[in-house]
Amino acid sequence: MGTYAMTGGASGIGAAIKQSLRDSGHQVIVVDIVEADIIADLSTPEGRDAAIAGIRAAAGDGLDGFIPCAGIAANVPDGKLIAQVNYYGTVELVEGLKDLVAARQGAMVLISSNSAPHPTNDEFVDLLVTGKQDGALALADTMETQPVYSGSKRALARWMRRNTADYARDGVRMNAVAPGYTRTPMTRQVEEDPTYGEAIKAFVASIPVGRPGLPEDIANAVCFLLGAEGGFICGSVLFVDGGHDAEFRPDQF
Ligand code: NAD
């Protein structure tokens, strides 16, 4: 059985991914800010370094896969924090663990969002993807949180696409999933918000398949992409959103 590492395994989508991998008999090393094998705050450079060091110490000679799932939503009133956790908390760990996953010819699945194509600040996305961290975080501080969230998720997908071929040649197959509205502790908070709750409920009712996503829906897609059946899928962004992206952007293909 394999050895996997992931972030954000304490709750929601990450907890479902962890459970699914463990149910299949795999060892899963979990990083989170709470309830994890390695407690680390991915919003800080020190926390990201500690997470990488902790995973490296626990993994031994290699990893069959890595799933950076930790993230925070746009209801957190701090754009800089959203960018730090969602973007740098993913990309820096992917880079820091690449050799371990390559050692096993393994796979990584990044967690983007179906909000990634939504309107955002293109300069912000560019600063993220080109590694200009100071500029990206300074700009995030001046932006509304929703475009920071969607921009961080677009930048993740774009960074993954730009690095796919090099990673694949080095032995790491990378993909991303783009979940739509998924019922987790993250979205439950927004649904219960007195200001936005009603609008969110109407949005959920508009999902073409007629229900919100469940953490298991996203975990099923992630585990498929990680496993041998997904072995020729590389550089894809898989929308797992009940049809919303196709409805919003039918011709962008
Ligand atoms: P969640 O809040 O249930 O879980 C997020 C996890 O990330 C938690 O375990 C939390 O402790 C961890 N985390 C947050 N900040 C951290 C930090 N600074 N350091 C370490 N860990 C930290 O959320 P979820 O809905 O399961 O979301 C999981 C991922 O899926 C996120 O990246 C999110 O952006 C993405 N996503 C979710 C939805 C949705 O509708 N739920 C849609 C699209 C994308």
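Residues numbered from 1 in each chain as written. Predicted model: local features only at pLDDT ≥ 70, side-chain atom pairs only at ≥ 80, totals over all residues. Heavy atoms only, no water.

**Structural notes on the overall build of the protein chain**
So, step 1. Tallying secondary structure elements over the protein chain gives 10 helices and seven strands in all.
So, step 2. In summary, the protein chain has a C-alpha radius of gyration of 17 Å against a globular reference of 18 Å for 253 residues, a match within 12%.
So, step 3. Seen through its principal axes, the protein chain has C-alpha atoms that stretch 50 × 40 × 35 Å.
So, step 4. Per-residue burial for the protein chain yields a buried fraction of 53% across its 253 residues.
So, step 5. A separation threshold of at least 6 residues defines the contact pool for the protein chain, and within that pool the share at least 24 residues apart is 74%. (Helix = DSSP H or I, 4+ residues; strand = E, 2+ residues; numbered from the N terminus. Rg over C-alpha atoms; globule rule 2.2 N^0.38 Å. Buried < 20%, exposed > 50% of the residue type's maximum accessible area, 1.4 Å probe, protein only. Contact = heavy atoms within 4.5 Å.)

**Considerations on the pattern of salt bridges**
So, step 1. One pass over the structure, following the stated rule, counts 11 salt bridges.
So, step 2. The salt bridge involving R22 is made with D37; its shortest N-O contact spans 3.8 Å. On the criterion of sequence distance, the pair formed by R22 in helix 1 (residues 12–23) and D37 in the loop between strand 2 (27–32) and strand 3 (38–39) is long-range, its members being 15 residues apart.
So, step 3. Ionic contacts of the salt-bridge type, sharing partners, join the residues D61, D64 and R104 into one network. (Salt bridge = Lys/Arg side-chain N within 4 Å of Asp/Glu carboxyl O.)

**Things to note about the site of the ligand**
So, step 1. The environment of the ligand is made up of 29 residues, and the closest members are S11, I13, D32, Y149 and T184.
So, step 2. I33 is positioned with one of its backbone polar atoms (N or O) 3.5 Å from a nitrogen atom of the ligand.
So, step 3. D41 has a polar side-chain atom sitting 2.9 Å from a nitrogen atom of the ligand.
So, step 4. Relative to its free-state accessible area of 830 Å², the ligand is covered by the protein chains to the extent of 91%.
So, step 5. Given that more than half its atoms are within 2 Å of the pocket grid, the ligand belongs to the largest pocket.
So, step 6. At the level of secondary structure, the elements contributing two or more residues to the shell around the ligand comprise helix 1, helix 6 (145–169) and helix 7 (185–191).
So, step 7. Sort the elements by how many residues they give to the shell around the ligand and helix 7 lands first, with three residues.
So, step 8. Of the residues that constitute the shell around the ligand, the class distribution is 15 nonpolar, 11 polar and three charged. (Near = heavy atom within 4 Å. Polar contact = N/O pair within 3.5 Å; in protein donor to acceptor, adjacent residues only side chain to side chain. Areas by Shrake-Rupley, 256 points an atom, 1.4 Å probe, with all protein chains shown as cover. 1 Å grid on protein atoms, 1.4 Å probe; cavity = no way out; pocket = protein on both sides within 12 Å on 5 of 7 lines; lining within 4 Å. Sits in = over half its atoms within 2 Å of the grid points. Nonpolar A, V, L, I, M, F, W, Y, C, P; charged D, E, K, R; others polar.)

**Comments concerning the nonpolar core**
So, step 1. Core analysis: the biggest nonpolar cluster contains 49 residues, and I55, F66, Y87, F124, W159 and M174 have the highest contact counts within it.
So, step 2. Elements with a minimum of two residues in this core: strand 2, helix 2 (45–59), helix 3 (79–102), strand 5 (107–111), helix 4 (122–129), helix 5 (133–140), helix 6 and strand 6 (173–179).
So, step 3. When residues no more than four places from it in sequence are discounted, the contact partners of Y87 are I82, L128, V129, S152, A155, L156 and W159.
So, step 4. Counting 22 residues, the second-largest nonpolar core is a separate cluster that includes M6, V177, V222 and L225. (Core = buried A, V, L, I, M, F, W, Y, C linked by side-chain atoms within 4.5 Å.)

**Focus on helix 3**
So, step 1. Between its first and last C-alpha atoms helix 3 spans 33 Å; for 24 residues at 1.5 Å apiece the expected length is 34 Å, and the two agree.
So, step 2. The sharpest bend along helix 3 reaches about 45° and sits at G96.
So, step 3. Taking burial as the measure, the 24 residues of helix 3 include 18 buried ones, the bulk of the element. (Expected span 1.5 Å × (residues − 1). Bend = angle between axes of the 7 residues up to and from the residue.)

Function-wise, these values are silent; they only describe arrangement.
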